[in-house]
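As a plain string of letters, each chain reads:
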Amino acid sequence: QLRPGAPRSRWQSTRKRVYERDAGRCHLCGATVEFKHYECSHIIDRCVGGPDEDFNLVVMCASCNRRKPVHCTRSEYFAWTNHMAEKMRAYVATLMGTSA
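Residues numbered from 1 in each chain as written. Predicted model: local features only at pLDDT ≥ 70, side-chain atom pairs only at ≥ 80, totals over all residues. Heavy atoms only, no water.

**A look at the nonpolar core**
Just so we agree on the cut-off: Working definition of a nonpolar core: buried Ala, Val, Leu, Ile, Met, Phe, Trp, Tyr and Cys residues. They are joined through side-chain atoms within 4.5 Å. Throughout, exposure labels follow a simple rule: accessible area from a 1.4 Å probe, protein chains only, divided by the maximum for the residue type, with under 20% read as buried, over 50% as exposed, and the rest as partly exposed. In this description, contact between two residues means that some pair of their heavy atoms is separated by no more than 4.5 Å.
By size, the foremost hydrophobic cluster in this structure holds 19 residues, and its most contacted members are Cys-26, Leu-28, Tyr-38 and Met-60. Excluding its chain neighbours within four sequence positions, the residues that come into contact with Leu-28 are Met-60, Cys-64, Trp-80, Thr-81, Met-84 and Met-88.

Written as C-alpha cells, this is what we have:
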C-alpha cells in the first residue's frame, strides 16, 4: 500500500511495474506467482520508513512474504535472502540425496 492519502491508481501501476520487472518470480524462492496473488514486498519495511518506490519493492509469494522479518537496511534484507537461499538449497539437496 502507499502512504495514507496516496492515489490507489499509483499503487496499482507501481505493482504492475514491479511484477513485470521481476518477471512475476518470487524474490526469495523463485516461484512464478500469478499477478493477482503476488505480494509487493518492501526491502526496507514501511514500518521503519521504507519508501513505496520501485527500488524498494520486490515480488514475493505469500508464503515467503510471511516469513520475512522486518528489515531496516538493504544489507539486512540481502543478508537474510542469501541465508534463506542457502537453507533452501541444503533442504533440496537433502531431499535429492546429494550435497549442496
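Let's pick the thread back up.
**Observations concerning the pairing of strand β2 (residues 57-60)**
Heads up, the rule is: The helix and strand labels rest on DSSP assignments: H or I over at least four residues marks a helix, E over at least two residues marks a strand, and numbering proceeds from the N terminus. Two strands are said to pair when DSSP picks up at least two bridges between them.
Residues of β2 alternate between two faces, with Leu-57 and Val-59 on one and Val-58 and Met-60 on the opposite face, all of them buried. Taken together, the four bridges between strand β1 (residues 39-42) and β2 define a ladder with antiparallel strand orientation. Across the sheet, residue Glu-39 finds its bridge partner in β2, namely Met-60.

**Quick word on the confidence of the model for the protein**
Condition: Each residue gets a pLDDT score, which is the predictor's confidence in that residue and runs from 0 to 100.
Overall, the prediction assigns the protein a mean pLDDT of 89, with 91% of residues at 70 or greater. When pLDDT is averaged over each helix and strand of the protein, the minimum, 89, is found for helix α3 (residues 74-96) and the maximum, 97, for β2.

**Some words on the pattern of salt bridges**
Our working rule: For this document, the term salt bridge refers to a Lys or Arg side-chain nitrogen within 4 Å of an Asp or Glu carboxyl oxygen.
For the coordinates displayed, the defined rule picks out seven salt bridges. Measuring nitrogen to oxygen at the nearest pair gives 2.7 Å for the salt bridge that ties Asp-45 to Lys-68. Residue Asp-45 is located in the loop between β1 and β2, and its partner Lys-68 is located in the loop between α2 (62-67) and α3; the two are separated by 23 residues in the primary sequence. The same class applies to Asp-45 as to Lys-68, namely buried. For Arg-46, the salt bridge identified is with Asp-52, shortest N-O distance 3.6 Å.

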